[in-house]
Amino acid sequence: MRGGGSSPALFVDFWGRVHHVQRRTLIGREPEADGLVILDSTISRRHASLEMRGEHWMLSDLGSSNGTYVEGRALTSETPLRDGERVRFGAVSLFFLVSAGALLELDPRTPSGLTVREELPRGPGQRESLSIELREPTGGGGGVAVIGGRQVQLTLPQLEFIALLYRRALADEKGGFVQASELMSTLSLDSADPSEDHVRQLVRRLRRVLYKAGIADLIESRYGAGYRLLLRT
């Protein structure tokens with residue numbers, strides 16, 4: 001993903017990367033030299049348009065194949081885009097901010113960098129908790145996770161899933177659980193209209209990948225609560 005511009009507004013992707021936009025910015029796989037380029041199979045060549053008019057930013061879908069969504073609502077006409085709203089182009093989710101100063105107020109559930117490496121404290125009678133390091137996605141959209149010293153190649157949605165659950169565990173909120181509805185609105189799932197089935201399929205595939213790498217029982221699912229990481233016993 002790449003873009004540039006002189007306006008103070010910007011998009012922030014799941015990995016905390018900042019993408020500045022111009023007062024008029026075309027968004028797509030091949031929009032124009034100074035547009036916002038998103039290299040993903042769910043993005044149309046000319047996907048959407050963002051334009052500042054007076055003090056308001058207006059977002060339009062340009063007849064894309066997989067749609068443009070603001071806070072989960074599909075765009076059917078030109079729509080005002082407000083500070084802090086989550087936008088999904090195809091399967092790629094971004095946060096829109098009117099200025100870089102708003103970065104400090106961004107939802108704490110969102111990873112704030114390309115590399116995450118932290119450890120949970122060890123309680124009485126517990127084994128040392130797992131450390132997780134998530135490395136920058138490659139040009140193909142995937143990346144590497146190092147979990148308990150074991151390196152695993154993952155797709156972008158799989159990395160996003162691990163990062164979101166890990167942040168929730170570190171914050172010690174909601175028992176570490178993330179509900180499917182939150183995952184559906186946050187992850188770069190390969191669907192213009194993600195459902196719980198897409199989340200379940202993602203988790204099944206991720207569990208298989210982790211098992212082959214010798215990492216078992218990392219993801220817990222609980223009816224009504226969602227998913228969490230089991231980082232210690």
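All values derive from a computational prediction rather than experimental measurement.

Draft legend 1. Highlighting the confidence of the model for the chain. In this model, the chain carries an average pLDDT of 79, and 77% of its residues clear a pLDDT of 70 or more. Per-element mean pLDDT across the chain ranges from 41 in strand S12 (residues 116–119) up to 96 in strand S6 (residues 56–61). Below a pLDDT of 50 lies the segment residues 104–128, which in the model reaches 63 contacts outside its immediate sequence neighbourhood of four places, other chains included.

Draft legend 2. Region of interest: the side chain of Ser 49. Mapped onto the fold, Ser 49 is located in strand S5 (residues 48–53). Apart from residues no more than four positions distant in its own chain, Ser 49 is found in contact with Arg 24, Thr 25, Leu 26, Met 58, Leu 59, Ser 60 and Leu 62.

Draft legend 3. Structural context of a positive patch on the surface. On the surface, Arg 204, Arg 205, Arg 208 and Lys 212 cluster together into a patch of positive charge. By the secondary structure assignment, Lys 212 is in helix H3 (residues 196–212).

Draft legend 4. Structural detail: the environment of Pro 8. Its place among the elements puts Pro 8 in the segment before strand S1 (10–12). C-alpha separation for the pair Pro 8 and Val 21, spaced 13 residues apart in sequence, amounts to 7.7 Å.

Conventions we followed
Residues numbered from 1 in each chain as written. Predicted model: local features only at pLDDT ≥ 70, side-chain atom pairs only at ≥ 80, totals over all residues. Heavy atoms only, no water. pLDDT = per-residue confidence, 0-100. Helix = DSSP H or I, 4+ residues; strand = E, 2+ residues; numbered from the N terminus. Contact = heavy atoms within 4.5 Å. Patch = residues over 30% accessible without salt bridge, like charges linked within 9 Å, V, L, I, M, F, W, Y side chains within 5 Å. Areas by Shrake-Rupley, 256 points an atom, 1.4 Å probe, with all protein chains shown as cover. Salt bridge = Lys/Arg side-chain N within 4 Å of Asp/Glu carboxyl O. Lys, Arg positive; Asp, Glu negative; His and termini not counted. Charge placed at Lys NZ, Arg CZ, Asp CG, Glu CD.

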